[in-house]
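If you want the building blocks of each chain, they are given just below.
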Amino acid sequence: MAIERTLSIIKPDATRRNLTGKIAAKFEDAGLRIVASKRIHLSPAQAGKFYEVHKDRPFYGELVEFMASEPVVVQVLEGENAIAKNREVMGATNPANADEGTIRKEFALSMGENSVHGSDAADTAKEEIAFFFSGLELVG
Ligand code: DAT
Ligand code: MG
């Protein structure tokens, strides 16, 4: 199995409720190492660019507004099969469908306010990490 890196975001609904530590602990407990981490407040333009892939979806405006509403914590997670493992720990996009023990099952408020983002494939992980972090900030 390959050692991978993936981009995680702890979203505004979670930072607002002081859940950053509890969520980060779930990643670490699953064997993922946090090799970069910062708390930032995205502008609407930055949030819109990050989620550009969804720009034609009906929920795009709401998603961008939410992601820019309050600070987020962006992190790079590293480990064996990190991309799939992170998605597993996150749970399904809609918390109503998320498995027991997943972050979204435990913490998400709704389909939109679902506490975490995680890259969905190797190519998007690479792009999303580069969107937020320079090579110097990745301290594996
Ligand atoms: P994921 O975050 O699980 O990768 P996604 O990439 O399909 O899901 O969508 C990105 C985010 O957009 C998702 O975390 C929450 C929001 N979203 C997706 N589908 C939605 C919907 N039908 N209604 C409202 N928000 C939605
Ligand atoms: Mg996605």
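Above: the structure in question.
What counts, and where the lines are drawn
- Per chain, residue numbering runs from 1 following the sequence as it is written.
- Chain letters and ligand numbers both follow the written order, the letters beginning at A and the numbers at 1.
- Side-chain atom pairs in this predicted model are given and counted only at pLDDT of 80 or more, local residue features only at pLDDT of at least 70, and totals for whole chains, interfaces and linings cover all residues.
- Water and hydrogen atoms were dropped before computing side-chain values, which therefore reflect all heavy atoms in the structure.
- Working definition: helices are DSSP H or I runs of at least four residues, strands are E runs of at least two. Numbering for both runs from the N terminus.
- Burial here depends on accessible area, computed with a 1.4 Å probe over protein chains only, as a share of the maximum for the residue type. Under 20% is buried, over 50% is exposed, and the range in between is partly exposed.
- Should any heavy atoms of two residues lie within 4.5 Å, those residues are counted as being in contact.
- Every accessible area reported is derived by Shrake-Rupley at a probe size of 1.4 Å, with residue values counting cover from the shown protein chains alone.
- For the purpose of counting charges, residues Lys and Arg are taken to be positive, whereas Asp and Glu are taken to be negative. His and the chain ends are not included.
- By convention, charge coordinates are those of NZ in Lys, CZ in Arg, CG in Asp, or CD in Glu.
- Salt bridges, as used here, are contacts in which a Lys or Arg side-chain nitrogen is within 4 Å of a carboxyl oxygen on Asp or Glu.
- Whenever a nitrogen or oxygen atom comes within 3.5 Å of another N or O atom, the pair is scored as a polar contact, on the condition that within protein one atom can donate a hydrogen and the other can accept it, and that pairs from neighbouring residues in sequence are kept only if both atoms are in side chains.
- Within this scheme, the nonpolar core is defined by two criteria: the residues are buried Ala, Val, Leu, Ile, Met, Phe, Trp, Tyr or Cys, and they are joined through side-chain atoms within 4.5 Å.

J.: Give a description of the overall build of the chain that names residues and reports values.
T.: The secondary structure content of the chain amounts to seven helices and four strands. Secondary structure elements of the chain, listed N to C terminal, follow the sequence β-α-α-β-α-α-β-α-α-β-α. In terms of its C-alpha atoms, the chain occupies a principal-axis envelope of roughly 40 × 35 × 25 Å. When the 140 residues of the chain are sorted by exposure, 44% land in the buried category. For the chain, the share of sequence-separated contacts (at least 6 apart) that also reach a separation of at least 24 residues comes to 78%. For the chain, the accessible area works out to roughly 7,400 Å², and carbon and sulfur atoms hold 50% of it. Where the 17 positive side-chain charges of the chain centre and where its 21 negative ones centre are 2 Å apart.

J.: Any details on the pattern of salt bridges? Residues and values, ideally.
T.: Per the counting criterion, the structure on display carries eight salt bridges. Here Asp-13 makes a salt bridge to Arg-17, at a shortest N to O gap of 2.6 Å. Using a relative accessible area of 0% as the deciding quantity, one classes Asp-13 as buried. A salt bridge links Glu-52 to Lys-49; the shortest N-O distance between them is 3.8 Å. Classification of Glu-52 as partly exposed rests on a relative accessible area of 39%. Each of Arg-16, Glu-70 and Glu-113 takes part in salt bridges that share partners, so that together they form one network.

J.: Kindly report on the side chain of Thr-6, identifying the contributing residues and their values.
T.: Summarising the element assignment, Thr-6 is placed in strand S1 (residues 3-10). A polar contact is formed between the side chain of Thr-6 and the side chain of Ser-119, at a distance of 3.5 Å.

J.: So what's going on with the nonpolar core? Residues and values would help.
T.: One recurring pattern in soluble globular proteins: nonpolar side chains tend to sit buried together. Within the largest apolar cluster, 21 residues are counted, with the highest numbers of intra-cluster contacts made by Leu-7, Ile-9, Met-67, Val-76, Phe-132 and Phe-133. Elements supplying a minimum of two residues to this core: S1, strand S2 (33-40), helix H3 (44-50), helix H4 (60-67), strand S3 (72-80) and helix H7 (122-132). The biggest single contributor to this core is H4, with five residues. If near-sequence neighbours (up to four positions away) are discounted, Phe-132 is found in contact with Leu-7, Ile-9, Lys-38, Ile-40, Leu-42, Phe-50, Val-74 and Glu-137.

These values are about where atoms sit, not about what they do.
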